[in-house]
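Structural overview
Listed below are the residues making up each chain.
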Amino acid sequence: MINSSPILRCAFTLLLSCVVAVLAKAQIEHQQAWQLALLEMEDGDTLHLPEGTYTLTESLLVDGYDDVVVTGAGMDKTILQFEGQKAGSEGFKVSNCNRFTMKDFTILNTAGDAIKTQMCDQINFLNLETSWTGKPKSTNGSYGLYPVQCTNVLIDGCKARGASDAGIYVGQSNKVIVRNCTAIENVAGIEIENTTNAMVYDNLAENNTGGILVFDLPGLIKKRGGHIEVFRNEVRSNNLKNFAPKGNIVAQVPPGTGVMVLATSDVAIHRNTIVENRTTSIAVVSYYITELPIQDDAYEPIPHEITIDGNNIERKHQWPTFKNKIGKLLAFKFGRKVPPIIYDGITEETLAGKDLDFSKNAVLLMGKQADFAVLDAARKFKDILINPPAFIYTGLDSPIYDSFGL
Amino acid sequence: MIRLGYNTYISVGLFACLSWLLVSHRPLVESSTEKPLKLLSDYGLFIGDLTDMVPAENVLPYELNTPLFSDYAHKARFIYLPEGTQMAWDPIEVFDIPQGAIIVKHFYYKADERDPDSENRFIETRILKNTSKGWKAWGYWWNDEQTDAAYKALGGKTDVTWTDVKGKIREVHYESPNQFQCKSCHSYNGKIKPIGPAARQLHGGKVDYVGNWVETGVLTGSPADHSTWPVMDWKAEGVTVEVAARAYLDANCGYCHRHEGPASTSGLFLHDKYPTGPETGVLKSPVAAGKGSGGRTYDILPGKPEKSILYYRMKSNDAAVRMPEVGRSIAHEEGLALIKQWIEELE
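Residues numbered from 1 in each chain as written. Chains lettered and ligands numbered in written order. Predicted model: local features only at pLDDT ≥ 70, side-chain atom pairs only at ≥ 80, totals over all residues. Heavy atoms only, no water.

Quick notes on the environment of Val275(A)
Residue and element names in this part refer to chain A. Definition in use: The helix count covers DSSP runs of H or I at least four residues long, the strand count covers runs of E at least two residues long, and both are numbered beginning at the N terminus. Throughout, a residue-residue contact means that at least one pair of heavy atoms, one from each residue, lies within 4.5 Å.
Relative to the helices and strands, Val275 resides in strand β24 (residues 273-275). Between the alpha carbons of Val275 and Glu314 there is a distance of 4.6 Å; along the sequence they are 39 residues apart. Excluding anything up to four places from it in sequence, Val275 contacts Val235, Arg236, Ser237, Asn312 and Glu314.

Structural data, given as structure tokens:
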């Protein structure tokens, strides 16, 4: 091109602008054609998103169908790029649909959440990817895969990267399976919040701020989560700096967190590989640790019945994070030799200034697995316990998990 | 693009057989009333030029005390009730509206807000029809000639320019909702439902619609004395900041931020029925707000509007931050000023 005549250059520019215009038009047509197809489809239909990379500028919405499938040609083959999204905050939003399946496509760089599903029963996320490309940053959308107020949720074989809150986030739902998924470079890799009857297994959570979180928050209609099993996951090197916008609960998660339970009761964490998370491998804390006001009488901020069993926990001696108050506290109390399993020890008794009531079994380790500290956070860390025998079961009986056999 | 499932073929087959069996006994026109008509004029809801907005028989005009802000568009509202049918009164919710009823809402801009005779530019007209399968929402997009509007499932977009009351030239990229987006607001336990025609919106204002409708027999079941009902009018004479702010939040947020609405996930409830407190956001931490938090800790921090997420999101025009999510692209200055004052005065 360097030596070409001005006429040729001009012609080339003209041709280029035509190509750009045609491409732009084609993209807008995809936006409209797909949304129209979603509007006009009927129960039982399948929408095929063919192989290709498509630029979309607005959310795609679906509402009120039964037995619908939306399928791409493959996670790496059908790519919906939302960079510079103009309208709507989600990429794909599904509401009030039953027996709805999304599979084999990728959603990139949405303004807000990538895929949100609300008030759906039997909702399947299969082989999907939701990512924000580039360096993880606080202006990325909040959630990658985001079912909320749903029942019978299956998230299988999905990937989530770069979410400024949680890559895979299940909120206020019942009967949930998250398996065979990969969550990397999110603030929270996988988060299960105010959700009951969930199984999270065979996932990889790597290089997030926190790997797998199980939280109950106050002020919601679904008050309590619980009956949750987190097992056979690989929770590796979740040491990413916390890039969540302040105000969100995950903004309080210390970088270097493997698995964290906040306020949820009846959670079993077993047979996971939890390695090289610099601040804590497993943390069990109450909502009080956030120091946020609780204005909800029906909410239970203190976790009970947390079982920790058969996990492979490794953490070389290193400093916990200094970018978080829990991290600083651990550094101050333990230096580089931080016990990998911590429990804040906040209970009704300790809040009232009394000693911890061991008979209540808030946390039970089935065998030691790794050093365990009870922090006595309610009484200014006055009486920190290391490996208290009452919390560590050394008998031979093993609890029977729902996941038994998996 | 769409491949039909196996079930569909079976259903279609069964339906065809059943239809054939029933064809001699049932009128066939019934189903067409459940679908949107092509043109707004096809409904026969107005007499003469559509832009004159002269209602036909059984079509009642009404206004709300506190309307939803929609990028400064003017709205004209009408309800059609089939001959001989009535609405039933409700103290809190929208009136119980009979099957066959149609709610019509025109969206238009005046070229010059300072001149009452200034020309109207109609952009879109929305129809809510109570069909045998529940409420349906259909959008109509006006032609350039301003003679009629045509059904458009995908909604439309256009740039609008007008002169505001202060003589300032204003511009907005107006977007009408697609059919699913109607449900962003019109959603009650997952089903489409009207929002406006409720008791507190329709009495105590310039025109007493409730009183008039009771008198003409199209509204039944209302208590004889309605002087004690709450009035939700953000611009009423002598209205307190608290009442005005809650009225504004009810109309602009409360249809979604209520237990029965899509924003029930947030734990923030702004419908008029919730008392001002934690549920309405006072010292409440956000849930799933993401960057919508704007780095702020509470939905409402009393005395500090600039540190309150509620105010931040009402002020923002960013698609992933702004509230309401749909229906506006620019902020409502008057509404913002009111909410600012309200939060400043909260203790």
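Remarks on the interface of chain B and chain A
Our working rule: The quantity reported as buried area is the accessible area (1.4 Å probe) lost by two parts once they are put together, taken as the sum for both. For this document, the term salt bridge refers to a Lys or Arg side-chain nitrogen within 4 Å of an Asp or Glu carboxyl oxygen. Distance and chemistry together define a polar contact, namely a pair of N or O atoms within 3.5 Å, with one atom able to donate a hydrogen and the other to accept it when in protein, and with adjacent residues in sequence counting only for side-chain atoms on both sides. The residue classification treats Ala, Val, Leu, Ile, Met, Phe, Trp, Tyr, Cys and Pro as nonpolar and Asp, Glu, Lys and Arg as charged. All others, Gly included, are polar.
Across the boundary between the two partners, chain B contributes 43 residues, which contact 52 residues of chain A. Between chain B and chain A lies a buried interface of about 3,800 Å² when both sides are counted; carbon and sulfur atoms form 56% of it. One can count two salt bridges joining chain B with chain A. There are twelve residue pairs in polar contact (both at pLDDT 80 or more) connecting chain B and chain A. Grouping the constituent residues of the side of chain B that touches chain A by class yields 18 nonpolar, 17 polar and eight charged.

Remarks on the domain arrangement of chain B
Residue and element names in this part refer to chain B. We count it as follows: Where each domain starts and ends follows an automatic or database-derived domain assignment.
With domains assigned, chain B is organised as domain 1 (31-220) and domain 2 (241-345). On a C-alpha basis, the centres of domain 1 and domain 2 stand 25 Å from each other. At the junction of the two partners, domain 1 supplies 23 residues and domain 2 supplies 23 residues. Here domain 1 meets domain 2 over a buried area of about 1,900 Å², counting both sides, of which 54% is carbon and sulfur. When the area that domain 1 buries against domain 2 is broken down by residue, the three leading residues are Phe69, Tyr72 and Arg200, summing to 27%. For the pair domain 1 and domain 2, the interface holds four salt bridges. Two residues, Asp250 and Arg200, come together in a salt bridge whose shortest N-O distance is 3.1 Å. Counting every contact that joins domain 1 to domain 2 gives nine residue pairs in polar contact (both at pLDDT 80 or more). Listed by contribution, the elements that provide at least two residues to the side of domain 1 that touches domain 2 are β12 (169-175), α2 (182-185), β13 (187-188) and α3 (199-202).

A few points about the confidence of the model for chain B
Applicable threshold: A residue's pLDDT is simply how confident the predictor is in it, with values from 0 to 100.
Of all residues in chain B, 90% attain a pLDDT of 70 or more, and the chain-wide mean is 90. Long-range and interchain partners of residues 12-32 of chain B, a stretch whose pLDDT sits below 50, account for one contact in this model, where long-range means more than four residues apart.

Points about helix α7 (residues 333-345) of chain B
Residue and element names in this part refer to chain B. Counted only if it meets this: For a helix, the expected span equals 1.5 Å multiplied by the number of residues minus one. Buried means the residue's accessible area, taken with a 1.4 Å probe over protein chains only, is under 20% of the maximum for its type, while exposed means over 50%, and partly exposed covers the values in between. The arc in question is the one traced by the directions running from the helix axis out to the C-beta atoms.
Here α7 is 13 residues long and its end C-alpha atoms lie 18 Å apart, about the 18 Å a rise of 1.5 Å per residue gives. Among the residues making up α7, those that are buried are Gly335, Leu336, Leu338, Ile339, Trp342 and Ile343. Axial view of α7: buried residues confined to an arc of 160 degrees, hence all on one face. In this fold, the buried residues of α7 make contact with α5 (241-252) and α6 (309-315).

Brief notes about the environment of Lys284(B)
Here Lys284(B) shows up in the loop between α5 and α6. In this structure Lys284(B) comes out as buried when scored by relative accessible area, which is 9%. Ignoring anything within four residues of it in the chain, the contact list for Lys284(B) reads Gln295(A), Ser266(B), Gly267(B), Leu268(B), Pro278(B), Thr297(B), Tyr298(B) and Asp299(B).

Some remarks on empty space enclosed by the protein
To be explicit about the condition: Here a cavity denotes grid points, spaced 1 Å and computed from the protein atoms alone, that fit a 1.4 Å probe unable to get out, and a pocket denotes an open set having protein on both sides within 12 Å along at least 5 of 7 lines; residues with an atom within 4 Å of a point are the lining. Grid points are joined across faces, edges and corners, and a volume is the space filled by probe spheres set on the points.
The final tally for this structure, using the stated rule, is five cavities of 30 Å³ or more. Empty space within the largest cavity amounts to approximately 780 Å³. Considering the residues around the largest cavity, the lining is formed by 46 residues, among which His257(B), Ala263(B), Arg313(B), Met323(B) and Glu325(B) are closest to the centre. Those elements that provide at least two residues to the lining of the largest cavity are β6 (87-95), β8 (115-118) and β10 (143-148) of chain A together with α2 and α6 of chain B. Residue classes in the lining of the largest cavity are distributed as 23 nonpolar, 13 polar and ten charged. A volume near 100 Å³ is recorded for the second largest cavity. Forming the walls of the second largest cavity are Phe69(B), Tyr248(B), Asn252(B), Cys253(B), Met314(B), Met323(B), Pro324(B), Arg328(B), Ala331(B), His332(B) and Leu336(B). Considered class by class, the residues forming the lining of the second largest cavity number eight nonpolar, two polar and one charged.

Considerations on the pattern of salt bridges
All names here are of chain A. Evaluated as defined, the whole model comprises 27 salt bridges over all chains. Here Asp66 and Arg99 are joined by a salt bridge, their closest N and O atoms 3.9 Å apart. Of this pair, Asp66 sits in strand β4 (residues 66-71) while Arg99 sits in strand β7 (residues 98-108), placing them 33 residues apart in sequence. Relative accessible area serves as the criterion here: at 23%, Asp66 is assigned to the partly exposed category. Judged by its relative accessible area of 35%, Arg99 is partly exposed. A salt bridge links Lys223 to Asp296; its shortest N-O distance comes to 2.9 Å. With Lys223 in the loop between β19 (210-215) and β20 (226-231) and Asp296 in the loop between β25 (280-285) and β26 (306-309), the pair connects residues that are 73 residues apart, well separated along the chain. Exposure remark for Asp296: the relative accessible area of 11% places this residue in the buried category. Through salt bridges with shared partners, a single ionic network connects Asp355, Asp376, Arg379 and Asp383.

Comments concerning the sheet that holds strand β30 (residues 372-374) of chain A
Residues and elements named next belong to chain A. For clarity, the threshold we go by: DSSP-based pairing: two strands are paired if at least 2 bridges between them are found.
Reading across the sheet, the twelve strands line up as β3-β6-β8-β10-β13-β16-β19-β22-β25-β28-β30-β31 and stay open at both edges, with mixed pairing between neighbours. The strands lining the two open edges of the sheet, one partner per strand, are β3 (58-63) and β31 (385-386). In this structure, β8 lies alongside β10, joined through four bridges in parallel fashion. In the sheet register, Ile115 faces β10, and the bridge partner there is Leu145.

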